[in-house]
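# Survey of secondary and tertiary structure
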Amino acid sequence: QRRDDRYQTPDAKVEREHAAQRGAERERENRDYSRSSVGEANRQHGVAEKIESGGSKAPAAPSTPAESPRLATSSTGRDGQPEKAENPTKAPPVKKFTNRCRLFVGRLPNQMGEAELRELFLPYGQVSEVYVQPSRNFGFIRLDTRANAEKAKEELDHSLHSGRELQVRFAAPNCSVIVENLHPTVSNELLEEAFTIFGQVERHGTLNL
């Protein structure tokens, strides 16, 4: 049987009112939680339907930009082929078939003529001049470069051919010119320039006497 509030103490009445307020707050929190749960479920369901139907896609994770490969620094010509880098310190062209490439060959066998002498020196480079003196068993031969002439001299000197030991030496230059009474202002370059109109100049120099 429910008791009348008039016969309750003030403390019991206050405690009862606090309990009623707490119960009402719990009911409000339960309703709010239920509403928020239902709303979140509906929102997720809607996003899933859009993705399946081809609508808006889920945002992709940000990707770092890929580092572009470095290209070669070589330039291309008009035909699309890569151009060769120019060498700023280009070496001067090697002089060929000069007097410094001329060899003397002594103690030749009696049966060795110009054709045989040329064939003997062909493995060491190009040959432009061959001369053989059969009666005195010697000859001259000119190779393309000084380096090839030095190699031929090193390997063929004192080599045996038909019982004879060859003698290979560098031939003395036979095209030297001596110019006297030059003015003191004439330099090596000016002297070379003056004689190049007659042919190629190998070596030149001036002496102050």
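Refer to the structure above for everything that follows.
Before going into details, it helps to say that this report is about the structure given with it. The shown structure was predicted, so the numbers you read here are calculated from the model rather than taken from an experiment.

Below, the discussion takes up the nonpolar core. Core analysis: the biggest nonpolar cluster contains 18 residues, and L103, L117, F121, I141 and L143 have the highest contact counts within it. Elements represented by at least two residues in this core include exactly β1 (102–106), α2 (114–121), β2 (127–133), β3 (138–143) and α3 (146–156).

Here we come to the sheet that holds β2. Strand order in this open sheet of four strands is β2-β3-β1-β6, and the pairing throughout is antiparallel. Edge positions in the sheet fall to β2 and β6 (167–170), since each has one partner strand and no second. Ignoring which end each strand starts from, the neighbouring axes of this sheet average 20 degrees apart. When β2 meets β3, the two strands line up antiparallel, connected through six bridges. Across the sheet, residue Y131 finds its bridge partner in β3, namely F140. Against the sheet, α2 engages β1, β2 and β3, with an angle of about 135 degrees to β2. Along the sheet, α3 contacts β1, β3 and β6; its crossing angle with β6, the most-contacted strand, is approximately 155 degrees.

What follows is about α2. Residues of α2 that are buried include every one of L117, L120 and F121, and no others. Taken around the axis of α2, the buried residues stretch over an arc of 90 degrees, which confines them to a single face. Away from its buried face by more than 90 degrees, α2 exposes A115 and E119. As for α2, its buried residues are in contact with β1, β2, β3, α3 and β4 (160–161).

Attention now moves to unusual backbone geometry. Of note, F97 is a non-glycine position whose phi angle comes to about 55 degrees, a positive value. Its place among the elements puts F97 in the loop between α1 (10–52) and β1. Using a relative accessible area of 30% as the deciding quantity, one classes F97 as partly exposed.

It is worth spelling out the side chain of D144 at this point. Tracing the backbone through its elements, the reader meets D144 in the loop between β3 and α3. No salt bridge is formed by the buried D144; its nearest oppositely charged neighbour, K96, is found at 5.1 Å. Ignoring anything within four residues of it in the chain, the contact list for D144 reads K95, K96, F97, C101, G125 and Q126.

About the cut-offs
Residues numbered from 1 in each chain as written. Predicted model: local features only at pLDDT ≥ 70, side-chain atom pairs only at ≥ 80, totals over all residues. Heavy atoms only, no water. Core = buried A, V, L, I, M, F, W, Y, C linked by side-chain atoms within 4.5 Å. Buried < 20%, exposed > 50% of the residue type's maximum accessible area, 1.4 Å probe, protein only. Helix = DSSP H or I, 4+ residues; strand = E, 2+ residues; numbered from the N terminus. Pairing = 2+ DSSP bridges. Axes fitted to C-alpha atoms, helices over the stretch in contact; angles between N-to-C directions. Contact = heavy atoms within 4.5 Å. Arc of directions from axis to C-beta. Lys, Arg positive; Asp, Glu negative; His and termini not counted. Salt bridge = Lys/Arg side-chain N within 4 Å of Asp/Glu carboxyl O.

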